Amino acid sequence: MKKSKFFVSVVVPCYNEAANIPLMVSELQKHLGTYSYEIILVDDGSSDPLQEVYEKLANKYDELRFIRFTRNFGHQAALQAGICHARGNAIITIDADLQQPPSLIPELIGKWGQGYMVVEAVPIYRESIGLFKKYSSYLYYWILNKISEYPVVKSANDYRLIDQKVANIIRQLPENHLYLRGLYAWMGFKKGFVKYHHLKRLHGKTHYPLHKMIKLALNGITSLSIKPLRLALFTGIFVSLIAFVIMGWALYLEYFTEKTIQGWTSTIISTVFLAGVQLIVLGIIGEYLGKLFMENKRRPNYIIAAKNISKKEDLKKKEKEAEVVAIN
Ligand code: UDP
Ligand code: MG
């Protein structure tokens, strides 16, 4: 069969996904059949038998590559590693648990062919996720879009296609702690959209429990904007104004009337309220300061323990790629 002139890389972040990978890979192969492609499995420090599974598959299929981290560095780091190693003219990122159907790939590639540099697969949720996750996700993106100067796709969950030019920018970004969903919004490339029905996880449980969701959400907000800091400032000003009014009222009662303030309740309420506001403001500043501290160390986002993409092979592939005609 005649293969496509362009090369497609599919990046699959995997954390304890041994049970899902065989079917995932065969589904990908089914829908990538007409293209020249590679599948890059990024093992994000799994502790299940995933390694055995992909090593066997990699022996069998040339187009299967893997990157193994030394420990769990997180979903975003796995995506970043995959994108940095991908050699495709188009790079697709997709989860390993088949919640995002690989059958959508031809449609994503079709949109890319129309000139969109980023093609977002937009999920339609039915029963695939719990009500809490669904509505907290809607609320989060609503807040994020109020804060961000660039519109972030609602409920985007990292199933998308990017052009190699977009990937090159990600490879060159100096910052750590990438929040990819926000970065695509910031870059401002022309975006295409394809909708799909989000499915139930094939095997296992989500690896995004509440505390990881909160961490990702905070990272998202703080990496997109400094508006929360400004909000903290305005809250401070607003509360100080109220405090001034109360102070004036207290002084008036003290010096111009017979009544003196007995109010234990009002003292306690205002103290607790002000302490709360101060802690919130400090917390917001702390989030940014912590981020600055971590960024300042300039540690890499991930460490690779092993991979079957060698430098030499990279070069050979690059030569081959030179023959490949990109559609753009
Ligand atoms: N994942 C990862 N590292 C992590 C957590 C998740 O590489 O620390 C991968 C996971 O294997 C899956 C994708 O990221 O392929 C999305 O995770 P999951 O399906 O658990 O999240 P959900 O779909 O429930 O939001
Ligand atoms: Mg999932």
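Shown above is the structure to which this text applies.
Okay, so let's go over this structure. None of the values given here were measured: they were computed from a predicted structure.

1. Topic: the coordination of the magnesium ion (ligand 2)
Line of reasoning, step 1. Protein ligation of the magnesium ion (ligand 2) involves Asp 97 (OD) and Gln 99 (OE1), the donor distances falling in the range 2.0 Å. Here the two residues Asp 97 and Gln 99 agree in accessibility, since each one is buried.

2. Observations concerning the side chain of Arg 160
Line of reasoning, step 1. Take Arg 160: it is sitting in strand E6 (residues 160-163).
Line of reasoning, step 2. Overall, the relative accessible area of 2% leaves Arg 160 in the buried class.
Line of reasoning, step 3. At 2.9 Å, the side chain of Arg 160 forms a polar contact with the side chain of Asp 158.
Line of reasoning, step 4. In contact with Arg 160, not counting residues within four places along its chain, are Ile 91, Ile 92, Thr 93, Val 118, Val 119, Glu 120, Ala 121, Arg 181 and Tyr 184.

3. Describing the sheet that holds strand E3 (residues 64-69)
Line of reasoning, step 1. Spatially, E7-E5-E6-E4-E1-E2-E3-E8 is the arrangement adopted by the eight strands of the open sheet, whose pairing is mixed. Each edge of the open sheet is held by one strand with a lone partner, namely strand E7 (191-197) and strand E8 (304-307). With strand direction ignored, the average angle separating the axes of adjacent strands in the sheet is 20 degrees.
Line of reasoning, step 2. Sheet analysis places E3 next to E8, joined by three bridges and oriented antiparallel. Note that in E8 the partner of Arg 68 across the bridge is Ala 306.
Line of reasoning, step 3. Its contacts with the sheet place helix H3 (residues 75-85) against strand E1 (7-14), strand E2 (36-43), E3, strand E4 (90-93), E6 and E8, and it is angled at close to 155 degrees to E1.
Line of reasoning, step 4. Helix H4 (residues 105-113) contacts E1, E4, strand E5 (118-124), E6 and E7 of the sheet and is inclined by roughly 165 degrees relative to E7.

4. Some details on the site of ligand 1
Line of reasoning, step 1. What surrounds ligand 1 is a group of 18 residues, the closest being Glu 17, Asp 44, Asp 97, Thr 206 and His 207.
Line of reasoning, step 2. Measuring from an oxygen atom of ligand 1, one finds a side-chain N or O atom of Asn 72 at 3.1 Å.
Line of reasoning, step 3. Within the side chain of Gln 99, a nitrogen or oxygen atom sits 2.9 Å from an oxygen atom of ligand 1.
Line of reasoning, step 4. Expressed as a share of its isolated accessible area of 530 Å², the protein-covered part of ligand 1 is 93%.
Line of reasoning, step 5. Looking at side-chain class alone, the shell around ligand 1 contains five nonpolar, six polar and seven charged residues.

5. Considerations on the pattern of salt bridges
Line of reasoning, step 1. A complete count under the given rule lists ten salt bridges for this structure.
Line of reasoning, step 2. Salt-bridge contacts for Arg 68 lead to Glu 55; the nearest nitrogen and oxygen are separated by 3.5 Å. Here the residue Arg 68 occupies a position in strand E3, and Glu 55 occupies one in helix H2 (residues 50-60), the gap between them amounting to 13 residues.
Line of reasoning, step 3. Its salt-bridge partner being Arg 160, residue Glu 120 comes within 3.1 Å of it at the nearest N-O pair. With a gap of 40 residues between them, Glu 120 in strand E5 and Arg 160 in strand E6 connect regions that are remote in the sequence. The same class applies to Glu 120 as to Arg 160, namely buried.
Line of reasoning, step 4. Overlapping salt bridges, with partners in common, bring together Glu 120, Asp 158, Arg 160, Arg 181 and Lys 191 in one network.

6. Quick notes on the packing of aromatic side chains
Line of reasoning, step 1. Here the structure, examined in full by the defined rule, presents nine aromatic pairs.
Line of reasoning, step 2. Members of the aromatic cluster, joined through ring pairs, are Phe 6, Tyr 35 and Trp 112.
Line of reasoning, step 3. The side chain of Arg 71 reaches across the aromatic face of Phe 73, ending 3.8 Å from its centre.
Line of reasoning, step 4. Note that Lys 190 overlies the ring of Tyr 116, its terminal NZ or CZ placed 4.9 Å from the centroid.

Cut-offs applied
Residues numbered from 1 in each chain as written. Chains lettered and ligands numbered in written order. Predicted model: local features only at pLDDT ≥ 70, side-chain atom pairs only at ≥ 80, totals over all residues. Heavy atoms only, no water. Donors = N, O, S within 2.8 Å, 3.2 Å for Na, K, Ca; no water. Buried < 20%, exposed > 50% of the residue type's maximum accessible area, 1.4 Å probe, protein only. Helix = DSSP H or I, 4+ residues; strand = E, 2+ residues; numbered from the N terminus. Polar contact = N/O pair within 3.5 Å; in protein donor to acceptor, adjacent residues only side chain to side chain. Contact = heavy atoms within 4.5 Å. Pairing = 2+ DSSP bridges. Axes fitted to C-alpha atoms, helices over the stretch in contact; angles between N-to-C directions. Near = heavy atom within 4 Å. Areas by Shrake-Rupley, 256 points an atom, 1.4 Å probe, with all protein chains shown as cover. Nonpolar A, V, L, I, M, F, W, Y, C, P; charged D, E, K, R; others polar. Salt bridge = Lys/Arg side-chain N within 4 Å of Asp/Glu carboxyl O. Phe/Tyr/Trp six-rings, centres within 6.5 Å; stacked < 30°, edge-to-face > 60°. Lys NZ or Arg CZ within 6 Å of the ring centre and 35° of its normal.

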